[in-house]
There are 4 protein chains.
Amino acid sequence: MVKQVKFGAIGMGRMGLWHAKDLESRVPGAELVAVSDIDKSSAMRGSRELGVPWYQDYKKLLRLRDLDAVCVVTSTDTHAAISTEAARLGLDVFVEKPMATGRTDADQLERAVRRSGVKLQVGFMRRFDPAYAHAKRRIEKGDIGKPLIFKSTSRDPFPPPPWACDPKRGGGLQIEMHAHDYDLGRWFMGSEVNRVYTQGECLVFPEIKRKIPEFVDNTMITLSFRNKSIGVVEGSLNAKYGYDVRAEIYGSEGMVSVGAIQRVPVVVCTTRGANAETSYLGDDETPHFAQRFGAAYLAEKIHFVRTVREDLKATPSLEDGRAALEIGLAAFRSTNTGKPAEVSRKA
Amino acid sequence: MVKQVKFGAIGMGRMGLWHAKDLESRVPGAELVAVSDIDKSSAMRGSRELGVPWYQDYKKLLRLRDLDAVCVVTSTDTHAAISTEAARLGLDVFVEKPMATGRTDADQLERAVRRSGVKLQVGFMRRFDPAYAHAKRRIEKGDIGKPLIFKSTSRDPFPPPPWACDPKRGGGLQIEMHAHDYDLGRWFMGSEVNRVYTQGECLVFPEIKRKIPEFVDNTMITLSFRNKSIGVVEGSLNAKYGYDVRAEIYGSEGMVSVGAIQRVPVVVCTTRGANAETSYLGDDETPHFAQRFGAAYLAEKIHFVRTVREDLKATPSLEDGRAALEIGLAAFRSTNTGKPAEVSRKA
Amino acid sequence: MVKQVKFGAIGMGRMGLWHAKDLESRVPGAELVAVSDIDKSSAMRGSRELGVPWYQDYKKLLRLRDLDAVCVVTSTDTHAAISTEAARLGLDVFVEKPMATGRTDADQLERAVRRSGVKLQVGFMRRFDPAYAHAKRRIEKGDIGKPLIFKSTSRDPFPPPPWACDPKRGGGLQIEMHAHDYDLGRWFMGSEVNRVYTQGECLVFPEIKRKIPEFVDNTMITLSFRNKSIGVVEGSLNAKYGYDVRAEIYGSEGMVSVGAIQRVPVVVCTTRGANAETSYLGDDETPHFAQRFGAAYLAEKIHFVRTVREDLKATPSLEDGRAALEIGLAAFRSTNTGKPAEVSRKA
Amino acid sequence: MVKQVKFGAIGMGRMGLWHAKDLESRVPGAELVAVSDIDKSSAMRGSRELGVPWYQDYKKLLRLRDLDAVCVVTSTDTHAAISTEAARLGLDVFVEKPMATGRTDADQLERAVRRSGVKLQVGFMRRFDPAYAHAKRRIEKGDIGKPLIFKSTSRDPFPPPPWACDPKRGGGLQIEMHAHDYDLGRWFMGSEVNRVYTQGECLVFPEIKRKIPEFVDNTMITLSFRNKSIGVVEGSLNAKYGYDVRAEIYGSEGMVSVGAIQRVPVVVCTTRGANAETSYLGDDETPHFAQRFGAAYLAEKIHFVRTVREDLKATPSLEDGRAALEIGLAAFRSTNTGKPAEVSRKA
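Every residue gets a number counted from 1 within its own chain, in the order that chain's sequence is written. Ligands are numbered from 1 and chains lettered from A, in the order in which they are written. Given that the model is predicted, a residue must reach a pLDDT of at least 70 before its local features are reported, and side-chain atom pairs must reach 80 or more before they are shown or counted; all residues, however, enter totals for whole chains, interfaces and linings. The side-chain quantities take in all heavy atoms of the structure and omit both hydrogens and water.

**A few points about the sheet that holds strand S6 (residues 120-122) of chain C**
Residue and element names in this part refer to chain C.
Consideration 1: In this scheme, strands are said to pair when DSSP sees at least two bridges between them. Helix numbers and strand numbers start at the N terminus; a helix is a DSSP run of H or I with at least 4 residues, a strand a run of E with at least 2. Taking strand neighbours across the sheet as the criterion, the six strands line up as S3-S2-S1-S4-S5-S6 in an open arrangement whose pairing is parallel. Two strands bound the open sheet, and with one partner strand each, they are strand S3 (54-55) and S6.
Consideration 2: With two bridges connecting them, strand S2 (residues 30-36) and S3 associate as parallel partners. When the bridges of S3 are listed, Ser36 appears paired with Tyr55.
Consideration 3: Docked against the sheet, helix H4 (residues 79-88) engages strand S1 (5-10), strand S4 (69-72), strand S5 (92-95) and S6, running at close to 165° with respect to S5.
Consideration 4: Contacts between residues were defined by any pair of non-hydrogen atoms, one from each residue, lying within 4.5 Å. For helices, the fitted line uses only the C-alpha atoms of the stretch in contact; every axis is such a line through C-alpha atoms, and the angle between N-to-C directions lies from 0 to 180 degrees. Lying on the sheet, helix H11 (residues 288-309) is in contact with S1, S2, S4, S5 and S6; it crosses S5 at an angle near 165°.

**Topic: the relation of the copies chain D and chain B**
Consideration 1: The copies were overlaid with a least-squares fit restricted to C-alpha atoms from residues scoring a pLDDT of at least 70 in each copy. Least-squares fitting of chain D to chain B yields an RMSD of 0.1 Å, with the superposition described by an axial translation of 0.0 Å and a rotation of 180°. Considering both components of the superposition, the chain copies are consistent with a two-fold axis. Taking the C-alpha atom as reference, chain D places D:Lys339 closest to the rotation axis, 3.3 Å from it.
Consideration 2: A symmetric contact is evident, with 100% of the interface residues of chain D recurring at the interface of chain B.

**Some words on unusual backbone geometry**
Residue and element names in this part refer to chain B.
Consideration 1: In this structure, the amide linkage connecting Thr315 to the following residue, Pro316, adopts the cis form with an omega of -5°.
Consideration 2: Within the chain, Asp66 stands out as a residue other than glycine whose phi angle is a positive 75°.
Consideration 3: Counting through the fold element by element, Asp66 comes out in the loop between helix H3 (58-62) and strand S4 (69-72).
Consideration 4: Phi is positive for Asp311, close to 55°, though the residue is something other than glycine.
Consideration 5: Among the secondary structure elements, Asp311 is positioned in the loop between helix H11 (288-309) and helix H12 (318-337).

**Things to note about the sheet that holds strand S6 (residues 120-122) of chain A**
All names here are of chain A.
Consideration 1: Reading across from one edge, S3-S2-S1-S4-S5-S6 is the order of the six strands in this open sheet, with parallel pairing throughout. Two strands lie at the open edges of the sheet, namely strand S3 (54-55) and S6, each paired on one side alone.
Consideration 2: Note that strand S1 (residues 5-10) and strand S2 (residues 30-36) share six bridges and pair parallel. Note that in S2 the partner of Ala9 across the bridge is Val35.
Consideration 3: Each of S2 and S3 is contacted by helix H2 (residues 40-50), which is oriented at about 150° to S2, the strand it contacts most.

**Some thoughts on the interface of chain D and chain B**
When the parts come together, some accessible area is lost, and that loss is often what is quoted as the size of the interface.
Consideration 1: Counting residues at the interface gives 37 residues for chain D, matched by 38 residues for chain B.
Consideration 2: Note: buried area is the sum, over both parts, of the accessible area (probe 1.4 Å) each one loses when the two are combined. Summed over both partners, the interface of chain D with chain B comes to about 3100 Å²; 62% of that surface belongs to carbon and sulfur atoms.
Consideration 3: Among the residues of chain D in contact with chain B, D:Leu203, D:Met220 and D:Ile230 are the three that bury the most area, contributing 16% of the side total.
Consideration 4: Here a salt bridge means any side-chain nitrogen of Lys or Arg lying within 4 Å of a carboxyl oxygen belonging to Asp or Glu. Across the contact surface, chain D and chain B share six salt bridges.
Consideration 5: Salt-bridge contacts for D:Lys151 lead to B:Glu234; the nearest nitrogen and oxygen are separated by 2.9 Å.
Consideration 6: Polar contacts, as counted here, are pairs of nitrogen or oxygen atoms within 3.5 Å of one another; within protein the pair requires one atom able to donate a hydrogen and one able to accept it, and residues that are adjacent in sequence qualify only if both atoms are side-chain atoms. Inspection of the region where chain D meets chain B yields 15 residue pairs in polar contact (both at pLDDT 80 or more).
Consideration 7: Only strand S7 (147-155), strand S8 (193-201), strand S9 (218-225), strand S10 (230-236) and strand S11 (244-251) of chain D provide two or more residues apiece to the side of chain D that touches chain B.

**Let's talk about the environment of B:Lys151**
Consideration 1: Structurally, B:Lys151 is set in strand S7 (residues 147-155).
Consideration 2: When residues no more than four places from it in sequence are discounted, the contact partners of B:Lys151 are B:Val232, B:Arg246, B:Ala247, B:Glu248, B:Tyr250, D:Thr153, D:Met220 and D:Glu234.
Consideration 3: Polar side-chain contacts of B:Lys151 include one of 2.9 Å to the side chain of D:Glu234.

**Some details on the confidence of the model for chain A**
Consideration 1: The predictor rates its confidence in each residue with pLDDT, a number between 0 and 100. Counting all residues, the mean pLDDT for chain A is 94, and 99% of those residues have values of 70 or more.
Consideration 2: Interface confidence in the predicted complex, given as ipTM, is 0.92; pTM for the same model is 0.93.

**Considerations on the interface of chain B and chain A**
Consideration 1: Contacts between chain B and chain A engage twelve residues on the former and twelve residues on the latter.
Consideration 2: It is B:Cys269, B:Ala274 and B:Asn275 that lose the most area in chain B upon contact with chain A, and together they represent 37% of the buried surface on that side.
Consideration 3: In this assembly, chain B and chain A are joined by zero salt bridges.
Consideration 4: Between the two partners, chain B and chain A, sit two residue pairs in polar contact (both at pLDDT 80 or more).
Consideration 5: At five residues, the largest contribution of residues to the side of chain B that touches chain A is made by strand S14 (residues 273-278) of chain B.
Consideration 6: When residues are grouped by polarity, Ala, Val, Leu, Ile, Met, Phe, Trp, Tyr, Cys and Pro land in nonpolar, Asp, Glu, Lys and Arg in charged, and all others, Gly among them, in polar. A breakdown of the residues in the side of chain B that touches chain A according to their chemical character gives five nonpolar, five polar and two charged.
Consideration 7: Inspection of the sheet shows strand S14 (residues 273-278) of chain A paired to S14(B) by three bridges, in the antiparallel sense. Looking across to S14(B), one finds that A:Ala274 is bridged to B:Ala276.

**Some points on the side chain of C:Ser317**
Residues and elements named next belong to chain C.
Consideration 1: Topologically, Ser317 is positioned in the loop between H11 and helix H12 (318-337).
Consideration 2: For every residue, the accessible area (1.4 Å probe, protein chains only) is compared with the maximum for its type, and the residue is labelled buried under 20%, exposed over 50%, or partly exposed between those bounds. Take Ser317: its relative accessible area is 7%, and that puts it in the buried class.
Consideration 3: Side-chain polar atoms of Ser317 contact the side chain of Glu319, separated by 3.1 Å.
Consideration 4: Beyond its immediate sequence surroundings of up to four residues, Ser317 is in contact with Leu120 and Val122.

**Quick look at the pattern of salt bridges**
Consideration 1: The tally for this structure, following the rule as stated, stands at 128 salt bridges over all chains.
Consideration 2: Between B:Arg322 and B:Glu110 there is a salt bridge, and its shortest N-O distance comes to 3.0 Å. Note that B:Arg322 is positioned in helix H12 and B:Glu110 in helix H5 (residues 103-116), a separation of 212 residues in sequence.
Consideration 3: Among the residues examined, B:Arg322 registers a relative accessible area of 6% and is labelled buried.
Consideration 4: Through salt bridges with shared partners, a single ionic network connects A:Arg103, A:Asp107, A:Glu110, A:Arg114, A:Glu319, A:Arg322 and A:Glu326.

Put into structure tokens, the structure is as follows:
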């Protein structure tokens, strides 16, 4: 086994801090050496909690001696630029999804990664969740025959911060949130998406739509796969009953259902019925997605460090990130035209 | 196929009327010809709803020309005497459980049935429930290996009428209610019960105990089977969340779980959690046990009529009824002595 | 209470016989007086099993003295013509869905019913299923807030007979099978469907497609409701694991999930995992849909007879049947054009 | 916040190593300084994996300068002696359950802890499992009224090593395994156990019984609580379908069910039914109990370190450990006499 992988963690928001804590203490072979955040108090808080130096300017962090890799968990619209710069400096990159929000940025990042030969892994952590991974194994074993229909649900208990609601900055549901679902679809079905049709509406938060005309809070996106199989991705920002992420894959010989509404295996029965605590609502310490996918967030970084140390092929890869982006861009176009949209293939 | 089986229905309480309605319209090969009830208004109501003559004195009903069989659903302490008289007159007998509440009555009934050669079936309808029957089939296929541990739960949402709470009249939990569980134990485990130990308490209804000192409303009864396997039967009269009847059988190679708390496959999720309507609470038209076991109550009578018409061996039989009674009597003794009690074998 | 409703049952296929048996013995206030089937042996079999006269020509049945109503369960493409004729003769009509397969037939039927003033109920029996009905009550109570998203699944274990696969005769998935789902969508969401988009493919049965070019065996249909809410209907003819009918409705304050994959509440655990018998596969006596929805098929006819005897407004109504047809026609157009299709409103 | 708590980990078997890894990297405020094991290769392996010195003789470890606490995970019959010695030296003690296997050892340990005033926590980790803890909170909120009936199941997939099967060394099911269940009973019901009745048999592993005559592999233990409530504890060593730990608590107003047979929220449906991966079977890296209770094992030590650093009252306490032991001793006596046994109270 080779040396420790020395990480700089860029972005000390709630999620960035979560990733950095994993790197600091729970990922074998990883060593956290510095953190940065454009917001000084966030950077200082990260430094204090993690016991490493901090920078306000990520560019300084990137130029630290002996740095091997970065963990990019900044605001979505800066993922690509920061990752590109890191790749050009020869650093391996773990970047939260989506890896880019537009085609230009994505092209630049791809060029940088290919020229430098660094590893880049996109944060599609659902692939590392025990339930999704188990479903994948069963499908690969042939237990449901040939996969034909893919259904994926991503429901958040409340809208993200304003910037992330803006398709131009954060990507919105179609590009940012559903990146996970597109990636799962390609992974489970073993085929690319050719065409999408989006029915998207702002049904619950008109006050956001007043500021961001393209904002939608509920989506229903049909996917047409190249091999003729069919998918649907459904999303919402008003799942007040709790973060609700599930999927079903139907095949020629059977089906597999992934996920559950119930959070802990406890049922309380009274005269009002049988009651179970529902899915993840989050609290001060642990946001809802980290409650549900804490093990997956850890496992994806363990996988990344192993990829770097053993010089394996990175996965979920730059190509996976690009594919999810292109599907998202088409889903966004379809929302606005009311017509099906073709998914672009790179030239 | 032979002629219709002409039934007299004795006992027009809620449950007796329920059985009679099945016989009148839903049991192939059955014909209801008369009803009786010691309470005149109940007998008249039955007659009106079913369109057949009524009698206050069941003895008159028993002596009707062309009667083939009776359906005995009277108060528990009269089951044996009425069934004995019917058997002596050569009538086939379907009798609700328990078929008797004491040894003397049971002996008389056995003698009458054996001498006359009539069919007698005891109303252990759980054997005919799709879920219990499915479990039995899986066990018989060997899917869980050799059955080793039997757990059975019977929880009622409220106490029965006062007479049924009195061990001397209705049998109480140990003799009346748990007759079902003892029968399931013998059926699933394929072995007789040798010894029982009862922990029984009055925990919720002291007002009943003041009138009936031997009354208990919660029970935990350990069963020792002849083949060394082990059982536990648990019961309650205060399941306010709904009628709750379930079982688990553990074997050398696996286990089977029967029953569910949830009533209809509907889950409602709100900020208060995931809520399912719980088990059967009953309503004016359909008591809780008929909601849960309506199909089983019908199936057991279809089976009885087939037994009569095709001259098959009756089952659940007189011997099954007697075995459940003896276990119940031992469970009752154990409650009072605080010690394990041996289950008597008939001489 | 008024007189018995005298029924003629038209169509003695498996499903027609099933309905007729309910009418003969289980529907209070109903009396079966005759049956008919274009196939002589089917008509004779129905006569024999039900103990009433038979006719090969339904027109003779329609002209029986004293007939009050008909139960039309013939091949789909004859529903409208037979119902129209019955209505013109002043008979109340219970007709299996879809009530018509084309606009012309539907128009004729509507005119006949309106002129004669008879009752017409369409066989959308899912509304009468305890689980769907329970969900509706919870939604009406406001438990999930305003309904926003509707998801409905209808998966059959195998394709119907060839004639029913042909959109021109039986309606195909888009018109025939999904009529149930469209009706549920309108019922749960309280809004009409404006526009649909269908992704439909023949993925499993190319041998059927060779004969019927428009045949699809898997569908994903997006619904846009007038009130902006969104739906998706998904269907398949290759659910080998069992008939699988479920729905989810998401609202501003919560969600409700209807249905279950598990058939009886029995779980068998072995070293191969926890196994439950899946949904309804049907057998010689009881087809899969009757296993799942037996109680609903009975309840809808009890409701119809009550509607007739108490002179209530029929429901699910002619208008409900028409609405489902129009959505189905649009879904069919969208399949072929690859574009969203508007749902026509009647002039 | 005060200084780090410096731990010595005694016992480097599979479970001891597991605990030590938690202390080394995942328990805030804990610092692992040394390990020991009577088996030299186990001690060396622990040292290598954890990066701290090793000792074969735990007495040397106990005398290390600056040691604050020990984590005792040795063979069961040595728990009390090692813990006693540590307490006498002023070290805080985290000890796996049962804290002792006999009354003499338990008395000595109690005296040592009381004289020295150190903290001692017993490893009843189920109290820290999210599901059990959630049930406790719901009961404390009054959601099920007054708790009346307690049912607890502990089923292992295979027997422990021979020494642990011997009641004189490891405690057997009645003393060692069910210590968890007794502790949960006291915790949930808020009452002490007065009397027990055990039905225990060797049903599956006669080859073990040939060597250890008192060995049983299946148990059914009735608990009588001081407040008249009733419990049953059921256990097995042949749950081939997977480690199966569940509980139900019934109260005057409702019930709560804890635990599930299903391991990950994935269901695979094929023509053979709906299949879910069952409970924890363990693998080379993670034994079955660590798969199920990994989070609880971590949480109990986080709790212990907090107790030490903030000078709180230790819990689950010496008294909890003693109570579980006395119940276990009575359960063992009852097995052999076939009669109920009183639970001793300390003089």
